[in-house]
Amino acid sequence: MTPIWQVSLEECRPESLSHEWLALEQRAEASFFLSWKWIGCWLETVARTEPLRLLRVLRDGECVGLALLRQRSQLRHGFVYSRRLYFHECGHPLRDALTMEYNGLLADTRLTDAVRHHALRHLVQHETAWDELRLGGVDPVWLPEGEALGLVAHQVRTVACDGVDLAVVRDSGDDPEAHLSGNTR
């Protein structure tokens, strides 16, 4: 039987969101930035002053995807107004200074690609009150999906993400500093 997908974009009610977010978080492999610890704090700060919308993806009536979006008009190039839709950002440079990293949709691990596809398709085909979709901190896997739906990607910036595989360090038995460059030490 073919699954029934439903996607909605509705007013966010932060006071009733934690239960649903936490339940989905248990079935997701989300970054810290999509955890309720981060999103809940962000909501306490932002939701008081910024109207947010909740993107909800259901498969056969079960919630399999969630994201918070903010719509904001901005003047670009000094004379062009653009209606932007932000994923987990509010569109104010000072408020967004704590950059959202490893961003995306909170999605059930079994259905991550399908959730992303249905969410983007819904935004492109059914939500017309935006000109630009700002996906700060998302994995580049979003780009071909958006382009397939007719979106034009414009990369604003790329930031390196340095890291050390701690399992390799542990397994080597070496001093952890031996795995870092001289500048990093």
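The residue count restarts for each chain, going from 1 along the sequence in the order it is written. Only residues with pLDDT of at least 70 get local features here, since the model is predicted, and only at 80 or more are side-chain atom pairs given and counted; chain-wide, interface and lining totals rely on the full set of residues. Side-chain numbers come from the whole structure's heavy atoms, not from hydrogens or water.

(A) Structural detail: the overall build of the chain. Scanning the chain for helices and strands turns up five helices and six strands. For the purposes of this entry, the term helix denotes a DSSP run of H or I that reaches at least four residues, the term strand denotes a run of E that reaches at least two, and both are numbered from the N terminus. Written out in order from the N terminus, the α and β elements of the chain read β-α-α-β-β-β-β-α-β-α-α. Each residue is placed in one exposure class: buried if its accessible area under a 1.4 Å probe, protein chains only, is under 20% of its type's maximum, exposed if it is over 50%, and partly exposed if it falls in between. Counting the 185 residues in the chain, one finds 37% classified as buried. Of the contacts made within the chain by residues no fewer than 6 positions apart, 62% connect residues no fewer than 24 positions apart. The contact criterion used throughout is that any non-hydrogen atoms of two residues lie within 4.5 Å.

(B) Structural view of the confidence of the model for the chain. pLDDT gives the predictor's per-residue confidence on a scale running from 0 to 100. Confidence in the prediction for the chain averages 86 pLDDT; 90% of positions are at 70 or higher. Element-level pLDDT for the chain is lowest in helix α5 (residues 166–172), with a mean of 82, against a maximum mean of 97 in strand β5 (residues 106–107).

(C) View of the pairing of strand β2 (residues 52–59). The element β2 is extensively covered by neighbouring structure, given that six of its eight residues are classed as buried. The pairing of strand β1 (residues 5–11) with β2 spans seven bridges and is classified as antiparallel. Bridge pairing in β2 places Q6 opposite L58. Here, any two strands with at least 2 DSSP bridges between them count as paired. Of the strand pairs in this sheet, β2 and strand β3 (residues 62–76) are connected by eight bridges, and their pairing is antiparallel. Across the sheet, the residue bridging to V57 is G65, located in β3. Where β2 folds back onto β3 in an antiparallel hairpin, the turn is made up of two residues, including D60, whose phi is positive at roughly 50 degrees.

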